[in-house]
Amino acid sequence: MTDALETRTTVTLTVNGREVTATKGEMLIAAADRVGTYIPRFCYHPRMEPVGVCRMCLVEVDGPRGATLQPACYIQVGEGMVVNTESEKVKKAQDGVLEFLLANHPLDCPVCDKGGECPLQDQTLAHGSGETRFIEEKRHFPKPIEIGELVLLDRERCIQCSRCTRFASEVAGDAQIDFAGRGDNIEVAPSPTEPFDSVFSGNTVQICPVGALTAKPYRFTARPWDLEQVESTCTTCAVGCRVAVQSSSNRLTRVLGMDSEAVNHGWLCDKGRFTIDSVVGIDEAPLTDSARRIMEPMIRRNGELEAATWGEALREAARIISSATTPSAVGAIGGAALTNEGAFAWQRFFRGVVGTDSIDAQYGDGLDPVLVAALPRATINEAAEACTVVLLTGDLREELPVLFLRLREGLVKGTTNAVEMSASGSALSALSRVKLPIRPGEAHLVAQAIATDDAPLATLASHPHGGLFTSADLVEARRLIGDDGSGVVFVVGRPNVAESAAPIEAAIRIFAERFPQAKFLPTLRRGNVNGALDMGLTPNLAPGQQFAPTAGRSTLEQLRAATTGEQSVIVSLGGDILENVVDTPLASAALKAASLIAVTGHGGPSLAFADVVFPTTVMHERLGTVTNIEGRVSLLAPKVTPPGSTWPDVAIASELAEEFGQNLGLSDPEETANVIEATTGYPCGSAMRSAMEGVVVGRIDAQTERRLLDPMAFPGIRSADLVGIAPRAGSIASSDASVAGVASRPALSNVAGDINPVIPMPDTYSLRLVVDRTIYDNGAAVRGTEALRALAPTSVLRVNPHDLTRIGVTSGGAVRLTSARGSEVIAVVAEAAVPRGCVALRHGTLVTTNASDSANVGNWIVDSEQVVVEVRMESL
Amino acid sequence: MAVLTAPKIVSSRSEYTDSHSMSRYLATDGFTALRKALSMHPEAVATEVDSASLLGRGGAGFPAGRKWSMLRKAPVSYLVVNGDESEPATFKDHYLIEREPHQLVEGVTIAAYALQVSQAFIYIRGEFALGLERLQQAVNDAYEHGALGSDIFGSGFSLDIIVHPGAGAYICGEETALIEALEGKRGFPRIKPPYFPAAIGLYGQPTVVNNVETMANMPWIVNNGGAAFAALGQGRSTGTRLFALSGRVKNPGVYELEMVKNTFRDIIFDPALGGGIIGDKKIKAFIPGGVSAPWFTPEQLDIPLGLDEVAEQASMLGSGSIVVLDEDSCVVRAAWRITKFFSRESCGQCTPCREGSGWLERIMYRMEHGGGRREDLDLLLDLCDNIAPGLSWPPQQTTICVLGPSIPSSIHSAITNFRDDFIAHVDHNGCPHD
């Protein structure tokens with residue numbers, strides 16, 4: 001990084017008589033920003049390509065034909081360039097543009113959501129004339145119109161800066177909004193045929209420099225000057241986007257994306273942005289609905305969950321745990337919803353107080369934490385700037401949306417090439433240089449073919465439906481990855497949760513051994529699952545990614561042990577077990593057999609089996625740290641007071657330990673963070689104190705400086721307490737110690753499992769099942785949010801058109817789907833991205849018919865004992 | 001008296017009613033120039049064009065030879081011919097497309113050979129229904145005749161021409177907007193730099209964009225030599241060019257005249273040309289080079305029809321469209337109509353053009369239809385100044401393309417020269433001519 005900076009050419013130019021240095025190729029407006037010369041702007045946005053259309057940033061630049069007015073956002077700095085941003089001519093031009101912008105702009109600031117945080121309003125107050133010379137009738141449009149499920153457009157307020165249309169096409173790749181009409185009748189318009197259903201639509205609202213775009217959930221709910229703000233981290237998925245969380249008194253009103261250089265560049269997905277409703281929850285929802293917020297302790301009495309005091313609930317839980325015959329008959333499942341501090345406290349409780357290692361933050365659909373810890377980890381920036389990324393994961397737009405945006409940028413610009421190994425296609429498929437589709441059970445074969453030679457091609461081609469790629473594809477993939485993988489990032493996760501982890505984990509190990517210079521970005525996707533694993537909520541690793549003395553049961557092993565009676569108590573930490581475990585029949589059998597203590601902020605189907613329920617605080621209510629996919633530990637800040645008698649996890653674990661006469665030595669999150677750092681070197685304490693861009697575990701080189709906040713680019717974010725205190729890597733006292741456990745950290749050689757699992761080919765009549773994910777998955781975040789609930793897709797079986805034709809069913813029809821577990825009638829749709837010989841379902845989509853035991857189709861069908869799930873499909 | 005001795009270079013077949021037919025074209029030396037060009041070295045053809053000092057006939061008047069020499073060297077490059085003639089009172093390309101389509105095809109083929117380009121596009125204004133039909137027929141004829149397609153006349157040179165109809169937007173006559181439209185996008189002009197077509201043009205490749213009339217000159221230049229062309233005219237303005245005369249003249253139409261040898265007075269008043277003002281009224285003003293040009297008054301009638309000669313008087317010969325206003329014409333109405341045109345045709349990208357044109361149009365509408373105020377005159381001029389700072393000519397601009405700075409010309413000219421007419425409109429609360 002330092003070397004690269006030094007080899008860049010700098011140029012010297014004169015701005016307002018002052019000599020300044022800038023980077024060659026930099027836009028004048030950005031260079032001026034850095035030296036404190038602010039040039040007004042509307043269309044310019046530092047995270048998008050300039051277009052130079054609003055003409056607000058006109059400045060005088062000396063050239064061969066004398067000083068001419070040039071848009072500072074579109075002119076690159078040059079050696080010896082002489083720039084004047086303050087001349088009378090510049091002022092007149094800028095004032096002229098501002099007046100033109102205001103000509104047709106309605107004077108409805110008092111009722112406009114943007115009023116008080118509006119770039120147009122601010123610049124008008126700063127530079128405007130105060131009187132209008134425009135006495136004509138203003139332009140009129142019916143308003144507002146809906147341009148997507150979540151976004152409304154008021155065309156009268158629009159100043160045609162094209163930020164939204166550029167975001168949609170350039171950043172998100174969802175070009176369903178564009179300009180229509182021309183002259184001063186030009187308008188932003190949705191596609192007449194395709195709705196603006198981008199999962200990033202909220203960003204257009206955030207970057208709109210006027211009140212033209214408003215988000216339905218926030219519209220008319222608050223005035224900006226009444227809002228208070230904290231900077232925090234989004235935990236809806238594991239990307240760890242930096243957010244500004246805003247509330248009006250004690251009511252959460254809005255989440256905005258912060259411009260973090262390391263993580264999200266200011267962008268958020270709509271799920272992360274709009275799920276604040278789920279924090280409050282829906283009162284009338286039943287306890288078994290994740291839309292319900294749990295706000296008081298409960299104990300099952302006479303078959304019903306009834307409200308109890310904390311003392312009663314703690315005593316009852318302690319009684320249940322004590323009643324287990326041995327410590328190993330107790331286990332805990334979950335942890336992704338916890339803070340690092342909560343996870344640390346719970347693991348200390350289970351290992352130290354109960355004496356069990358059967359704790360697992362994953363639900364059987366993740367990766368071996370030993371493998372994850374052993375891989376050389378890439379940061380998000382490294383993945384986004386890699387020369388090649390190998391995508392062996394689910395559809396990132398559905399699973400880790402902002403990571404999708406970050407990777408997409410390099411693929412679109414052509415600075416990064418992608419090799420995609422996908423089970424059902426993804427939003428990055430079209431941008432991938434090489435596509436190597438993988439059917440369930442084939443990942444390790446494809447990895448071998450890339451890593452060694454074409455030999456596995458023959459095996460792959462022996463599939464009854466033939467091979468899916470050629471030797472030429474492998475040659476190109478190998479060329480892009482290179483000899484040792486330097487500059488390559490493997491983005492690895494589970495593309496298919498209806499398949500055991502074995503083939504994928506084998507593939508990852510093959511890559512890691514064959515390409516020693518490559519880095520890996522695991523896509524464990526749930527909230528703080530990466531932090532929970534690092535805090536020891538795994539059967540075999542203790543806090544700080546060090547081996548635990550003894551190993552316990554994983555989630556699936558615990559569930560099976562519960563059905564056989566070996567384990568009698570399950571403690572659910574955070575998320576709902578039935579909603580998260582793909583093998584639902586196994587999960588419900590286990591919950592029926594064992595006692596369940598649920599520690600949760602939300603309701604869910606598992607509560608039907610719960611004996612004790614502890615209500616916890618959730619995001620935006622609690623202090624702590626979380627760790628994202630790249631190992632970045634960052635601050636989670638409380639904004640509102642927790643409702644009812646909810647407690648933070650640290651307190652619940654500590655009080656429960658007290659019931660056993662033991663003291664965890666953890667009184668509150670701050671103390672816990674410091675204890676974690678002192679005992680393991682894991683930088684929770686540092687991250688909590690320094691906030692901002694967080695601290696990457698063991699990667700002092702991955703620190704980035706916070707960009708200066710441009711309120712014109714990110715209106716609505718209060719800057720005073722946020723700008724200018726970028727964390728300095730050197731100031732983090734213990735970051736050198738953050739790799740304290742390095743000696744005992746897992747290596748690749750510690751990873752168990754067969755590197756070459758033998759999986760037989762299916763017969764001609766069988767199809768292999770792929771269960772992948774959708775962003776709107778009917779989980780607590782979606783069900784608890786009015787605006788998002790309607791977006792959850794209904795269940796549909798996606799089938800390769802070739803296979804549909806084979807059984808004589810047309811897209812839109814229905815089929816009977818049969819597995820060893822049972823059969824179901826389900827709608828089908830043709831999708832070419834699904835490989836021949838496979839069918840695909842989205843996890844967590846509602847089914848219209850009554851599937852056994854669960855509202856989630858795909859779940860009943862998946863048998864977690866099987867490496868792959870075979871199904872048959874018949875026309876009705 | 002008008003000087004009418006020069007040969008007709010681009011309108012030589014104007015006396016024939018079937019000038020658009022292949023048979024007439026072949027009977028009148030059609031494709032002889034192409035055969036000759038193909039026997040020459042491509043660079044020699046380019047040299048002839050360069051020595052002709054042919055200035056581009058689209059309006060800006062940039063030397064065609066120099067434009068060609070600026071083409072970035074690349075494996076793929078394109079020739080794009082601009083036939084999106086859409087400005088009010090400009091109709092000379094219309095004439096060439098409808099009446100001399102084979103000449104255009106031959107000219108394009110010669111230019112493509114000189115540039116060694118194998119793909120050319122002719123972008124034609126969508127409203128030219130007959131022109132499109134005839135030009136496409138001419139292209140088809142040329143293919144059939146072996147004058148287009150692969151291995152033209154056995155020379156080994158190949159060229160394909162695609163005739164692309166526009167969709168009704170004046171802005172697509174701006175060369176970078178035209179390129180965007182050809183690529184299937186909205187016709188938004190691109191920012192220059194870096195999007196100079198010669199460097200980054202159609203599909204990102206180096207591209208020459210030439211006007212229809214420029215191309216129509218090619219056969220004559222090849223047949224007669226660049227020197228013969230350069231011998232016509234005077235100074236920088238060589239050869240002949242088409243003038244589209246309209247407004248309050250007895251004989252409006254398209255006239256091919258040797259450059260500089262005639263004056264505005266000649267073309268407007270000579271019996272063989274414009275024939276004077278209808279009803280022998282007095283001339284009040286005239287627009288010398290399209291509606292984006294600043295206006296001239298009768299004192300400027302004796303200025304020769306040459307680029308530099310008009311530029312010295314702070315206007316432009318532009319596209320060669322001359323519009324005549326007589327003593328009964330309402331200058332306020334004329335300026336309003338021109339402003340309305342620009343307001344409707346602004347692409348909407350840049351704020352000053354989009355909002356400025358609309359605002360000016362609304363004020364001018366009031367001025368003409370009632371509701372005008374004396375203070376509107378200063379407001380109009382100040383808004384014009386905010387679009388084209390200084391209101392000088394050639395204009396300074398605040399916008400991406402030159403449509404913006406074209407807007408103020410008519411209003412500025414009208415107020416500067418005929419302020420009393422505006423005051424009369426204010427006092428009369430509307431147009432006194434109505």
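Points about the packing of helix 10 (residues 340-354) of chain A against helix 23 (residues 649-659) of chain A
Residue and element names in this part refer to chain A.
Link 1 in the chain: Here helix 10 crosses helix 23 at 15°, and the two axes come no closer than 8 Å. By the criterion of interaxial angle, the relationship of helix 10 to helix 23 is roughly parallel. As helix 10 packs across helix 23, the resulting crossing turns out to be left-handed. Contacts between helix 10 and helix 23 involve Glu341, Gly342, Ala345, Trp346, Phe349 and Val353 on the former and, on the latter, Asp649, Val650, Ala653, Ser654, Leu656 and Ala657.
Link 2 in the chain: Across the contact of helix 10 with helix 23, the residue classes break down as 8 nonpolar, 2 polar and 2 charged.

Focus: the sheet that holds strand 11 (residues 227-233) of chain A
Residues and elements named next belong to chain A.
Link 1 in the chain: Pairing is antiparallel across the open sheet formed by 3 strands, whose spatial order is 11-12-13. Either end of the sheet is taken by a strand with one partner, and the two such strands are strand 11 and strand 13 (251-257). Between one strand axis and the next, the sheet turns by 25° as a mean value, whatever way the strands run.
Link 2 in the chain: In this sheet, strand 13 lies alongside strand 12 (residues 242-248) in antiparallel orientation, the contact comprising 6 bridges. If you follow Ser248 over to strand 13, its bridge partner there is Arg251.

Thoughts on the environment of Gly266 of chain A
Residues and elements named next belong to chain A.
Link 1 in the chain: Along the chain, Gly266 falls in the loop between strand 13 and helix 7 (270-274).
Link 2 in the chain: The sequence separation of Gly266 and Ala814 amounts to 548 residues, and the corresponding C-alpha distance is 42 Å.
Link 3 in the chain: Contacts of Gly266, omitting those with residues within four sequence positions, involve Arg47, Gly257, Met258, Asp259 and Phe714.

Some details on the interface of chain A and chain B
Link 1 in the chain: On the side of chain B, 27 residues touch chain A, which itself brings 26 residues to the contact.
Link 2 in the chain: Put simply, the parts of the chain that give the side of chain A that touches chain B at least two residues each are strand 4 (66-71) and helix 3 (88-103) of chain A.
Link 3 in the chain: The class makeup of the residues in the side of chain A that touches chain B is 13 nonpolar, 6 polar and 7 charged.

Focus: the pairing of strand 21 (residues 488-492) of chain A
Residue and element names in this part refer to chain A.
Link 1 in the chain: Judged by how many residues are buried, strand 21 sits mostly within the fold: 5 of 5 residues are covered.
Link 2 in the chain: Burial along strand 21 is two-sided: Val488, Phe490 and Val492 and Val489 and Val491, pointing in opposite directions, are all buried.
Link 3 in the chain: Pairing between strand 18 (residues 388-392) and strand 21: 5 bridges, direction parallel. Residue pairing for strand 21: Leu391 is matched across the bridge by Val491.
Link 4 in the chain: Read from strand 21 through helix 18 (residues 502-514) to strand 22 (residues 519-522), the crossover connection turns out right-handed.

Quick word on the domain arrangement of chain A
All names here are of chain A.
Link 1 in the chain: Splitting chain A by domain gives domain 1 (10-103), domain 2 (298-366 + 528-715 + 735-744), domain 3 (369-522) and domain 4 (767-875).
Link 2 in the chain: Domain 2 and domain 3 are separated by 31 Å when their C-alpha centres are compared.
Link 3 in the chain: Of the residues belonging to the side of domain 2 that touches domain 3, the class tally is 6 nonpolar, 5 polar and 3 charged.

Things to note about the domain arrangement of chain B
Residues and elements named next belong to chain B.
Link 1 in the chain: Along its sequence, chain B is carved into domain 1 (22-229), domain 2 (241-326) and domain 3 (331-428).
Link 2 in the chain: On a C-alpha basis, the centroid separation for the pair domain 1 and domain 3 is 34 Å.
Link 3 in the chain: Each partner contributes to the interface: domain 1 provides 10 residues, whereas domain 3 provides 7 residues.
Link 4 in the chain: Partitioned by chemical class, the residues of the side of domain 1 that touches domain 3 number 8 nonpolar, 1 polar and 1 charged.

The rules behind the values
Residues numbered from 1 in each chain as written. Chains lettered and ligands numbered in written order. Predicted model: local features only at pLDDT ≥ 70, side-chain atom pairs only at ≥ 80, totals over all residues. Axes fitted to C-alpha atoms, helices over the stretch in contact; angles between N-to-C directions. Helix = DSSP H or I, 4+ residues; strand = E, 2+ residues; numbered from the N terminus. Parallel < 35°, antiparallel > 145°, perpendicular 65-115°, else oblique. Left-handed = near helix turned anticlockwise from the far one by under 90°. Contact = placed C-beta atoms within 7 Å. Nonpolar A, V, L, I, M, F, W, Y, C, P; charged D, E, K, R; others polar. Pairing = 2+ DSSP bridges. Buried ≥ 20, exposed ≤ 12 C-beta atoms within 10 Å, placed from the backbone. Right-handed = clockwise from strand over helix to strand, strands pointing away. Domains from an automatic or database assignment.

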